[in-house]
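Structural features, examined
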Amino acid sequence: MIGRVVATELKPSTPHQFLFWTATDANVGIGSIVRVESPSRKVYGVVTDAFAYSDLATPMDAVYGADGDPAAAIEPSSRSEIRLYQTAVLRHEPEEPLQPVPLGEVHLASDADVAFALRMSGYAGGDRPTAIPVGLYAAGGLEAPISLDADFLLGPEAAHLNITGVSGLATKTSAVEFLLTSIFQTFPAHKGRIAAVCFNVKGPDLCFLDQPGKLTADDLRLYHRLGLEPTVFERVRYFAPFKPDGVNLNTLRTNPALAPTEPLVWGLREVLDYAEVLLNRDDVDAKADALIDFLAERVVGKEFHDEVLGRTFTVRSFADLEDFFRAIFNFLEMSGRGAEIWRTHHVATIRKIRNRLGNISTRSKGLVTDNGEVNDLPWGRFEDRTVYVVDVAGLDPLAQDLVFARIVSKLREHLERRDLGVEHVVAFVDELNKYAPQDGPESYVRKMLLDLSERGRYLGLVLFSAQQFRSQVHKRVVGNAGTAVFGRLDADELATPGYGILSPAIKAKLAALPKGELMIRHPHFTQPIFVRFPRPPVLSGREGVDQYPPEAEIPFEDAVLRRLRALEPSLPTNRIKDLISGRDPTDVVRALHATIRTRPDEVVPFFVKCLGKEVPTRTVAPRSGVASLKSVDDPYL
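Residues numbered from 1 in each chain as written. Predicted model: local features only at pLDDT ≥ 70, side-chain atom pairs only at ≥ 80, totals over all residues. Heavy atoms only, no water.

1. Observations regarding the overall build of the protein chain
Counted only if it meets this: Strands here mean DSSP runs of E at least two residues long; helices mean DSSP runs of H or I at least four residues long; both are numbered from the N terminus. Our radius of gyration is a C-alpha quantity, and the globule rule it is checked against amounts to 2.2 Å times the number of residues to the power 0.38. The buried label goes to any residue with under 20% of its type's maximum accessible area, the exposed label to any with over 50%, and the partly exposed label to all in between, with areas taken from a 1.4 Å probe on protein chains only. Note on contacts: a residue pair is in contact if any heavy atoms of the two residues lie within 4.5 Å. Positive charges come from Lys and Arg, negative ones from Asp and Glu, while His and the chain ends are left out of the count. Charge coordinates come from a single atom per side chain, which is NZ of Lys, CZ of Arg, CG of Asp or CD of Glu.
Looking only at helices and strands, the protein chain has 22 helices and 22 strands in total. Against the compact-globule benchmark of 26 Å for 637 residues, the protein chain has a radius of gyration of 32 Å, which places it well outside the compact range. Dimensions of the protein chain, computed from the C-alpha atoms along their principal axes, are close to 130 × 60 × 60 Å. When the 637 residues of the protein chain are sorted by exposure, 49% land in the buried category. Contacts spanning at least 24 positions in sequence make up 73% of the contacts within the protein chain whose residues lie at least 6 apart. Here the protein chain holds 74 positive side-chain charges and 84 negative ones, and the gap between their average locations is 5 Å.

Take a look at the structure:
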């Protein structure tokens, strides 16, 4: 026993909170879970505030008692001091009828008490457990494992997780990496298969999930206490767009000692469905939307015959689309008499859309190609317990928006059809202050995130998000997060109205939380709980860059050779350089992308086939009548 419940006329006990006093040396503090025992009931609570009292009525009494000299004076007798703790109720036993907390003995909670108080016993045991370890509750010498309910973290009962904390001190990325490790190791088999899609938006943050990090003995102890293995993710696939040259990848994960990063390249078909992301909504009106819908449904990717133009078009790339628009403009110019309408679409609208779409492959060069080549995520072939990292840290904001919108939308489409390859997907997005702000103009990405947070759990698509300032994120996004995690917070953030329900002591603790400690709110927990979690078993971004420094951008020919050697390491250098020497770089990039996408058994013959024959330079035959020499036969041509 550490204390007793106290209730006064001014501060009575209620069914929801109570006060208890202890000796000055009692091992209890903010966040401690305690148990109140009385003959009729037990009550479990968590300490939310603390006070110290003596028998002095005013500070002046202390001055008089010391004769005004705090350093030298000795008071006639030692003053009595008590410690008083304010506690919020977690659970009653029995739960009905709901009554005020009795004047009983107060004890520090045991492991079993913590599990019962947080209602973990309902999902941590039985034939079909759904517990996901999240950290250790540590207080009074006790370390009790804390678990979240998979049904309320990953659906269908509730879903989504949001993490808030200042940059660099709140360990937001580390918390997500650890939690994904826990999910992959403990997600119950009866709930199906699960994968994660992580968007890397800051430097090398998520670029080394397949490389082991350094763990201390204390970290290993915490993993053992939680029942987890401190191992890296066994299956990780990295995707990144090219730089504008089309051969060097736009990522910091380029060290040859690492598993290769796969290119992310999209064409016209992939981009057109999400043109709203890329177009200026103030400039593109309903008429322009109608033309874009017409192109998407009738023209792109199909054989389109127009009786007026007298031609059949096969539009599969931005180059084909430019030829299609040019045919329309030529017809309108040739028809004379000021023709301005083609298939109910005004020429001004057509020119506007032509200009906007024609610039997409330039503005997002490296991600979007104008030659029709595509290399995408493995839609329909997602694997269980696999992390798919999409590195967009080096892209401009417009291209980042396109990546978010298209990938999340495709995830929804495949999960609706149940043909993705897994039943559950965790999508992790950092910097939510940027992509779903509370204020500012409406954007496609914000609408997509709102829709995901409100309806994604029915499909098995769960949003794990992180930001520095929760108060500046759209309320519907953070409000739909069933689980909220708080790291160290700035005092200005804590002063916002959203934190008004927290006591001053909890706010003070949040403002000084050390790395590795978090406050968690979960549907089963009636009050926030502080937990410790071990360092994730993977390299952090900063450590990874030091250990695996990215290679400098290399010349075009060397970059092509390296990309092909990733498929066939024994390729001869001179053979490849001879093949691409003097070629149009656009044709080389097209052939390279096709080879990477297909991964043929014989790389060189396939690459040469995609390159096609060179157009020979026209020469004048000698006057002597001697026939010109034929080129040497090439077995690959």
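2. Looking at the sheet that holds strand β6 (residues 105-108)
Picture the strands of a sheet paired through backbone hydrogen bonds; they go either parallel or antiparallel. Let me state the cut-off plainly: Here, any two strands with at least 2 DSSP bridges between them count as paired. Between N-to-C directions, angles cover 0 to 180 degrees, with each direction set by a line fitted to C-alpha atoms, over the stretch in contact for helices.
One closed barrel holds the six strands; their spatial order is β1-β2-β5-β4-β3-β6, and the pairing between them is antiparallel. Going from strand to strand, the sheet's axes swing by 45 degrees on average, the running direction of each strand aside. One ladder, built from six bridges, connects strand β2 (residues 17-22) with strand β5 (residues 81-93); its direction is antiparallel. Bridging from a neighbouring strand, Leu19 pairs with Gln86 of β5.

3. A few points about the environment of His346
To keep it simple, the criterion reads: Pairs of N or O atoms within 3.5 Å make up the polar contacts considered here, provided that, within protein, one atom can donate a hydrogen while the other can accept it, and that residues adjacent in sequence are counted only when both atoms are side-chain atoms.
Looking at where His346 falls in the secondary structure, it is placed in strand β16 (residues 345-346). In the structure, His346 is positioned 55 residues away from Leu291 in sequence and 9.6 Å away in space, judged by C-alpha atoms. The contacts of His346, once residues within four sequence positions are left out, are Glu340 and Ile341. A distance of 3.0 Å separates a polar atom in the side chain of His346 from the backbone nitrogen of Ala348.

4. Regarding the domain arrangement of the protein chain
Where interface size is given, it is often the accessible area lost as the parts come together that is meant. Defined as follows: An automatic or database domain assignment supplies the residue ranges for each domain.
Here the domain parsing of the protein chain yields domain 1 (3-109), domain 2 (153-264 + 375-545), domain 3 (269-363) and domain 4 (554-611). One C-alpha centre belongs to domain 1, the other to domain 3; they are set 74 Å apart.

5. Some points on the packing of helix α12 (residues 397-417) against helix α14 (residues 444-455)
Our working rule: Working definition: roughly parallel below 35 degrees, roughly antiparallel above 145 degrees, roughly perpendicular at 65 to 115 degrees, and oblique for all remaining angles. Two helices that cross are described as forming a left-handed crossing if the nearer one is turned anticlockwise from the farther one by less than a right angle, and a right-handed crossing if clockwise. Three categories are distinguished: nonpolar for Ala, Val, Leu, Ile, Met, Phe, Trp, Tyr, Cys and Pro, charged for Asp, Glu, Lys and Arg, and polar for the others, with Gly belonging to the last.
Two elements in contact, α12 and α14, have axes separated by 9 Å at closest approach and are oriented at 30 degrees. Viewed along their axes, α12 and α14 adopt a mutual orientation that is roughly parallel. Note on packing geometry: the crossing formed by α12 with α14 is left-handed. Residue-level inspection shows Asp401, Phe404, Ala405, Val408, Ser409 and Arg412 of α12 in contact with α14, the latter providing Tyr444, Val445, Met448, Asp451 and Leu452. Here the contact of α12 with α14 is composed, by residue class, of seven nonpolar, one polar and three charged.

6. Structural notes on the packing of helix α19 (residues 556-565) against helix α20 (residues 573-580)
Closest axis-to-axis distance for the α19/α20 pair is 10 Å, and the angle between their directions is 125 degrees. Between α19 and α20, the angle is such that the two are oblique. The hand of the α19/α20 crossing is right-handed. Across from Glu557, Asp558, Val560, Leu561, Leu564 and Arg565 in α19, the residues of α20 making contact are Thr573, Ile576, Lys577 and Ile580. Here the contact of α19 with α20 is composed, by residue class, of five nonpolar, one polar and four charged.

7. So, the layout of surface pockets
The line we're drawing: Space inside and on the surface of the protein is sampled on a 1 Å grid over the protein atoms alone, with a cavity defined as a set of points where a 1.4 Å probe fits but cannot get out and a pocket as an open set with protein on both sides within 12 Å along at least 5 of 7 lines; lining residues have an atom within 4 Å of a point. Grid points are joined across faces, edges and corners, and a volume is the space filled by probe spheres set on the points.
Put simply, the largest pocket is a space of about 680 Å³. Along the wall of the largest pocket there are 23 residues; nearest its centre are Gly168, Thr171, Ser174, Lys515 and Ser540. Among the elements of the structure, α5 (172-186) and α18 (541-547) are those that each provide at least two residues to the lining of the largest pocket. Its residues assigned to classes, the lining of the largest pocket shows seven nonpolar, eight polar and eight charged.

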